[in-house]
Amino acid sequence: MKLGWIVIGGPPVLRTAAAERLELIADTYLSVGTPVQHALPSLLAAGENVRQQITARVRRNLAELHTAADSHPSVQVLKVCGGWNAILRLPRTHTEEEWCLDLLENASVLVQPGFFYDFESEAFLVLSLLTEPETFNAGVRRLLQRL
């Protein structure tokens, strides 16, 4: 089953051109089957409980991250605009790769470097907000202790 949405942003002229091209691609290669269209209300209803659990966990972990990071002025939690990752800006005393390796080797904390997400400068780390809250909080504490 496949079903999806695409959001198009940018200047109106570019959005119109992109929408025309996407319509051709969608009609040619990505059409939604009739069974999926008919099942959509049931699929959305079935996923509601999971969506609520994910939303609650992401919000709880993000709030805990802000609380913990507030006591570390050298760490900045960037604004979350969607999704389930949080981005930290750390001091440029190490590269992102060095931060990631140090945290993994010395604190048993797994994070991703900002360059995985095309950040053009140092030093950003990306944390998953989907992590079990107790594990997330312990990892954040160990991360902040390494600073």
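Shown above is the structure to which this text applies.
Described in the following lines is the structure provided in the data block. The structure displayed is predicted, hence computed values, not measured ones.

Quick notes on the rules
Residues numbered from 1 in each chain as written. Predicted model: local features only at pLDDT ≥ 70, side-chain atom pairs only at ≥ 80, totals over all residues. Heavy atoms only, no water. Salt bridge = Lys/Arg side-chain N within 4 Å of Asp/Glu carboxyl O. Helix = DSSP H or I, 4+ residues; strand = E, 2+ residues; numbered from the N terminus. Buried < 20%, exposed > 50% of the residue type's maximum accessible area, 1.4 Å probe, protein only. Pairing = 2+ DSSP bridges. 1 Å grid on protein atoms, 1.4 Å probe; cavity = no way out; pocket = protein on both sides within 12 Å on 5 of 7 lines; lining within 4 Å. Points joined across faces, edges and corners; volume = space filled by probe spheres on them. Nonpolar A, V, L, I, M, F, W, Y, C, P; charged D, E, K, R; others polar.

Moving on: the pattern of salt bridges. On inspection of all chains with the given rule, the structure shows three salt bridges. With a closest N to O distance of 3.0 Å, Glu48 and Arg51 form a salt bridge. Remark: Arg51 and Glu48 occur in helix H2 (residues 34-69); sequence separation between them is three residues, near one turn of the helix. Owing to a relative accessible area of 35%, Glu48 belongs among the partly exposed residues under this scheme.

The next point concerns the sheet that holds strand E2 (residues 85-89). On the basis of which strands lie adjacent, the open sheet formed by four strands has the order E1-E2-E4-E3 and antiparallel pairing. Each having just a single partner strand, strand E1 (76-77) and strand E3 (112-113) make up the two edges of the open sheet. The pairing of E3 with strand E4 (residues 124-128) spans two bridges and is antiparallel. Note that in E4 the partner of Pro113 across the bridge is Leu125.

All right, on to the layout of surface pockets then. Roughly 280 Å³ of internal volume is contained in the largest pocket. Forming the walls of the largest pocket are 16 residues, and the residues nearest its centre are Val109, Leu110, Val111, Ser128 and Thr131. At the level of secondary structure, the elements contributing two or more residues to the lining of the largest pocket comprise E4 and helix H4 (133-145). In terms of residue count, the dominant contributor to the lining of the largest pocket is H4 (five residues). For the second largest pocket, the calculated volume is near 220 Å³. Looking at the lining of the second largest pocket, its residues break down into eight nonpolar, one polar and two charged.

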